[in-house]
Amino acid sequence: MLSTQEQIKTALKAHNAVLVAHYYVDAKLQVLAEETGGIVSDSLEMARFGQNSDADLIIVAGVKFMGETAKILSPEKTVLVLDDNATCSLDEECPIDQFSAFCDQHPDRTVVVYANTSAQVKARADWVVTSGSAPNVVKHLKANGKKILWAPDKHLGHYVKNETGADMLLWQGACVVHERFKANALKALKKLCPEAAVLVHPESPQSVVDLADVVGSTTTLIDAVKNRSETTFIIATDNGIFHKMHEVAPNKKLIEAPTMGKGADCESCAHCEWMAMNTLENCLSTLQTGNNEIFINTDIRKKAKNAIQKLLDFTA
Ligand code: 13P
Ligand code: SF4
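Rules used throughout
Residue numbers restart at each chain and count upward from 1, following the sequence in its written direction. Chain letters start at A and ligand numbers start at 1, both assigned in the order the entries are written. For a predicted model such as this one, the threshold for reporting local features is a pLDDT of at least 70, and the threshold for listing and counting side-chain atom pairs is 80 or more; totals across whole chains, interfaces and linings nevertheless cover every residue. Side-chain measures were taken over the full set of non-hydrogen atoms in the model, leaving aside hydrogen atoms and water. Any Lys or Arg side-chain nitrogen found within 4 Å of a carboxyl oxygen on Asp or Glu counts as a salt bridge. Secondary structure elements follow DSSP: runs of H or I of four or more residues count as helices, runs of E of two or more count as strands, with numbering from the N terminus. Residue contacts are defined here by distance: any two heavy atoms, one from each residue, within 4.5 Å place the two residues in contact. Residues are labelled near a given molecule or strand when at least one of their non-hydrogen atoms is within 4 Å of it. Under this definition, polar contacts are N or O atom pairs within 3.5 Å; protein pairs additionally need one hydrogen-donor-capable and one acceptor-capable atom, and for neighbouring residues in sequence, both atoms have to be side-chain atoms. A 1.4 Å probe and the Shrake-Rupley method give the accessible areas. Residues count as covered only by the protein chains that appear here. Helix axes are fitted only over the stretch in contact, all axes being lines through C-alpha atoms; the angle between N-to-C directions runs from 0 to 180 degrees. Small angles under 35 degrees read as roughly parallel and large ones over 145 as roughly antiparallel, with 65 to 115 read as roughly perpendicular and the rest as oblique. Each residue is assigned to one class: nonpolar for Ala, Val, Leu, Ile, Met, Phe, Trp, Tyr, Cys and Pro, charged for Asp, Glu, Lys and Arg, and polar for all the others, Gly among them. Here's how the labels work: a residue is buried when its accessible area is under 20% of the maximum for its type, exposed when over 50%, partly exposed in between, all with a 1.4 Å probe on protein chains only. Two strands make a pair as long as DSSP finds a minimum of two bridges between them. Note on handedness: a clockwise path from strand one over the helix to strand two, with the strands aimed away from the viewer, defines a right-handed crossover. Left-handed describes a crossing whose near helix is turned anticlockwise from the far helix through less than a right angle; right-handed describes the clockwise counterpart.

## Comments concerning the pattern of salt bridges
Step number 1: Throughout the structure, instances matching the rule amount to 12 salt bridges.
Step number 2: The residue Glu 6 makes a salt bridge to Lys 9 at a minimum N-O spacing of 3.7 Å. With Glu 6 and Lys 9 both in helix H1 (residues 4–14) and 3 residues apart, this pair spans about one turn of that helix.
Step number 3: Taken together, the shared-partner salt bridges in this structure form one network comprising Glu 6, Lys 9 and Glu 35.

This is the structure:
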């Protein structure tokens, strides 16, 4: 009997399929993506990779908005996600009707949305950005005299506003995972480990970002573990990222930033429940059944593509 991994490898070949995984999913899926010629990356590179691949079928191990972005950029390919209930609090907290009404109230503002949004919200936007690209895109817009309407992540919005000094009106969404990091408990941990560098994803609250040595996207944080001289790191992002960090820097010590106050007992709070829905088993069943296909209305897709393409051109 072949292992689940071997069966997935065989099915990927048979369907001319590629597995594209986010850094937050199960390490076994990350390993498999790389072993089979796919990729493990941040959300921007996942989309770019799918677009440039010769595969007919893209299997997305991540959450729904990542599948939608892949489909927007590769409409001729079939895109499947591993579980169509795997969503994102940022996407859920920004429903298109309310968001569209908000945009209509502020017609003088350039609409910039984070990648963690639905295809409809992207279609309503002028620009789509990722955490890694947001400060530079907003700097560029500010230099061209633009005022910004930003959605959906208020914490990333605050961070970008502070970094750029741009005039930004913020939608009030948040990532349920990064919101759990606690500044006071992190201060206490820093005292216990003064030698550690603190790495923070900018979806975290401002009070946590203020304690960081490095603030950035998942890729930036992995590069920091690899390249910085410290040997101990406190990490404030989803703990799925530890797999890649251990791989690029096997001798460095990684500590999860605290997600609860003093005395709390929580072993894996810093893990996204939707990312955790991605398993080897549902990867195999998705390949076997063709379930969980992403479909997007053509008009929405074309408008969303324009907003994403601006980012791809800007970051090329
Ligand atoms: P990036 O990988 O683009 O930094 O995004 C983090 C995230 O929360 C994805 O869900
Ligand atoms: Fe969304 Fe946060 Fe989960 Fe990323 S980690 S998918 S931003 S809820």
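Next comes the rest of the account.
## Some remarks on unusual backbone geometry
For residues besides glycine, phi is generally negative; the peptide bonds are generally trans as well.
Step number 1: Of the consecutive residues Ala 151 and Pro 152, the connecting peptide bond is found in the cis state with omega at -5°.
Step number 2: The backbone of Asn 292 shows a phi angle near 65°, a positive value even though the residue is not glycine.
Step number 3: Take Asn 292: it is sitting in the loop between helix H14 (280–289) and helix H15 (298–314).

## Quick look at the environment of Ala 196
Step number 1: The topology assignment puts Ala 196 in the loop between helix H10 (183–192) and strand E9 (197–200).
Step number 2: When the C-alpha positions of Ala 196 and Ser 74 are compared, they lie 42 Å apart, and in sequence the two are 122 residues distant.
Step number 3: Aside from chain neighbours lying at most four places away, what touches Ala 196 is Asp 213, Thr 232, Phe 233 and Ile 234.

## Things to note about the site of ligand 1
Step number 1: In the vicinity of ligand 1 there are 13 residues, among which His 22, Ser 43, Ser 131, His 201 and Thr 218 approach most closely.
Step number 2: At a separation of 3.0 Å, an oxygen atom of ligand 1 approaches a polar side-chain atom of Ser 43.
Step number 3: Between ligand 1 and Ser 131, the relevant distance is 3.0 Å, taken from an oxygen atom to a side-chain nitrogen or oxygen of the residue.
Step number 4: Alone, ligand 1 offers 300 Å² of accessible surface; in the complex the protein occludes 96% of this.

## Comments concerning the packing of helix H4 (residues 64–73) against H15
Step number 1: Two elements in contact, H4 and H15, have axes whose closest approach is 9 Å; the angle formed by their N-to-C orientations is 90°. In this view, H4 runs roughly perpendicular relative to H15, as classed from their interaxial angle. The residues of H15 that touch H4, namely those facing Thr 69, Lys 71, Ile 72 and Leu 73, are Arg 301, Ala 304, Lys 305, Ile 308, Gln 309 and Leu 312.
Step number 2: When its residues are assigned to classes, the contact of H4 with H15 shows 5 nonpolar, 2 polar and 3 charged.

## Considerations on helix H9 (residues 154–164)
Step number 1: Taken residue by residue, H9 has His 155, Leu 156, Gly 157, Tyr 159, Val 160 and Thr 164 as its buried positions.
Step number 2: Looking at the packing, one finds that the buried side of H9 touches strand E5 (110–114), helix H8 (134–143), strand E7 (148–151), strand E8 (168–170), helix H11 (206–209) and strand E10 (214–215).
Step number 3: By the N-cap criterion, in which a side-chain oxygen at the helix start approaches the backbone nitrogen of a residue two or three places on, H9 is capped by Asp 153, the distance to His 155 being 2.9 Å.

## Description of the pairing of strand E11 (residues 232–236)
Step number 1: For E11, the buried fraction is high: 5 of the 5 residues fall into the buried class.
Step number 2: Taken together, the 4 bridges between E9 and E11 define a ladder with parallel strand orientation. When the bridges of E11 are listed, Ala 197 appears paired with Phe 233.
Step number 3: As judged from the 4 bridges shared by E11 and strand E12 (residues 253–256), these two strands associate in the parallel manner. Among the inter-strand pairings, Ile 235 is bridged to a residue of E12, identified as Glu 256.
Step number 4: Since E11 and E12 lie parallel, the crossover through helix H13 (residues 242–248) that links them has a hand, and here it is right-handed.

## With respect to the packing of H8 against H9
Step number 1: For the pair H8 and H9, the least separation of the axes is 9 Å and the interaxial angle reads 55°. By the angle class used here, H8 and H9 are oblique. Viewed along their axes, H8 and H9 form a crossing whose handedness is right-handed. For the pair H8 and H9, contact is made by Ala 134, Pro 135, Val 138, Lys 139 and Lys 142 and by Tyr 159, Val 160, Glu 163 and Thr 164, respectively.
Step number 2: Broken down by class, the residue content of the contact of H8 with H9 amounts to 5 nonpolar, 1 polar and 3 charged.

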